[in-house]
Amino acid sequence: EDQVTQSPEALRLQEGESSSLNCSYTVSGLRGLFWYRQDPGKGPEFLFTLYSAGEEKEKERLKATLTKKESFLHITAPKPEDSATYLCAVQGNSGYSTLTFGKGTMLLVSP
Amino acid sequence: NAGVTQTPKFRILKIGQSMTLQCTQDMNHNYMYWYRQDPGMGLKLIYYSVGAGITDKGEVPNGYNVSRSTTEDFPLRLELAAPSQTSVYFCASTTRAISNQPQHFGDGTRLSIL
């Protein structure tokens, strides 16, 4: 059974204070690890897909990295508009693009 | 460019009532999914479909039914609603599994059962 654990559950940062979110996973044959952003009252919005250990992807102040056991979402000099819940999910070999999600990290960036 | 559209956005049901949550996508995606999200919990897969006429159970299918008569639509049916089904329901879609494309989500239906 695929499993995803995200930490911390919640994180409060000051504007400009860089940090990282963690996603630890166990999966039978990783086909992709996905990061999503979710704003209150909205559906998850796709950010990144990582396929293999060592891969990195960047988008504005966000950078996602992947190892064989975990992924990190690094947030550099965050702004208040980066406040959201960040979800991590894995796709293994067991289903038709089915995803297993973590519980998410709620990020609050204060001005 | 609507993407995935869910209706209604909010609904209150009484215990024992039935209802259908609607989901439609205009991206010609083969695969569609229904999830529920409870406070402090991750998204849990209820049912999914890989094409018209083909559906399968996810992690938490009890109390729900689905059908897929067209590529665009994937309704979720609640029979005999129970308080445990109070949740936010999300529909998602993607293209074929081989390309590992991300799932695209609607904005959810918030359902309360009293």
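Higher on the page you've got the structure.
Notes on the structure follow.

The rules behind each value
- Residues numbered from 1 in each chain as written.
- Chains lettered and ligands numbered in written order.
- Predicted model: local features only at pLDDT ≥ 70, side-chain atom pairs only at ≥ 80, totals over all residues.
- Heavy atoms only, no water.
- Contact = heavy atoms within 4.5 Å.
- Buried area = accessible area lost by both parts, 1.4 Å probe.
- Helix = DSSP H or I, 4+ residues; strand = E, 2+ residues; numbered from the N terminus.
- Nonpolar A, V, L, I, M, F, W, Y, C, P; charged D, E, K, R; others polar.
- Phe/Tyr/Trp six-rings, centres within 6.5 Å; stacked < 30°, edge-to-face > 60°.
- Buried < 20%, exposed > 50% of the residue type's maximum accessible area, 1.4 Å probe, protein only.
- Lys NZ or Arg CZ within 6 Å of the ring centre and 35° of its normal.
- Polar contact = N/O pair within 3.5 Å; in protein donor to acceptor, adjacent residues only side chain to side chain.
- Salt bridge = Lys/Arg side-chain N within 4 Å of Asp/Glu carboxyl O.

**Thoughts on the interface of chain B and chain A**
Logical step 1: Contact residues are listed per partner, giving 24 residues for chain B and 19 residues for chain A.
Logical step 2: Buried surface at the junction of chain B and chain A, both sides included, amounts to about 1800 Å², of which 55% is carbon and sulfur.
Logical step 3: For the side of chain B that touches chain A, the secondary-structure elements that each account for two or more residues are strand S4 (31–37), strand S5 (43–51) and strand S9 (87–94) of chain B.
Logical step 4: Classifying every residue of the side of chain B that touches chain A gives 13 nonpolar, 9 polar and 2 charged.

**Notes on the packing of aromatic side chains**
Residue and element names in this part refer to chain B.
Logical step 1: The full count for this structure, using the stated rule, is 9 aromatic pairs over all chains.
Logical step 2: Seen from their ring centres, tyrosine 35 and phenylalanine 105 are 5.6 Å apart, and the 40 degrees between their planes marks the pair as tilted. With tyrosine 35 in strand S4 and phenylalanine 105 in strand S10 (residues 104–105), this residue pair connects regions lying 70 residues apart in the sequence.
Logical step 3: Looking at phenylalanine 105, the relative accessible area reads 11%, which means it is buried.
Logical step 4: It is arginine 68 that lies over the ring of phenylalanine 74; its NZ or CZ is 6.0 Å from the centre.

**Some details on the side chain of B:Thr94**
Residue and element names in this part refer to chain B.
Logical step 1: Tracing the backbone shows threonine 94 in strand S9.
Logical step 2: Looking at threonine 94, the relative accessible area reads 0%, which means it is buried.
Logical step 3: Engagement of the side chain of threonine 94 in a polar contact is seen with the backbone oxygen of glutamine 101, the distance being 3.0 Å.
Logical step 4: A distance of 3.0 Å separates a polar side-chain atom of threonine 94 from the backbone oxygen of proline 102.

**Describing the pattern of salt bridges**
Opposite charge on two side chains permits pairing when their charged atoms draw close.
Residues and elements named next belong to chain A.
Logical step 1: One pass over the structure, following the stated rule, counts 8 salt bridges over all chains.
Logical step 2: Ionic pairing is found between arginine 37 and aspartate 39, a salt bridge with its closest N-O pair at 3.0 Å.
Logical step 3: For arginine 37, a relative accessible area of 15% puts it in the buried group.
Logical step 4: The exposure class assigned to aspartate 39 is partly exposed, which follows from its relative accessible area of 25%.
Logical step 5: The residue lysine 57 makes a salt bridge to glutamate 55 at a minimum N-O spacing of 3.8 Å.
Logical step 6: We classify lysine 57 as partly exposed; its relative accessible area is 28%.
Logical step 7: Judged by relative accessible area, glutamate 55 falls into the buried class, the value being 19%.

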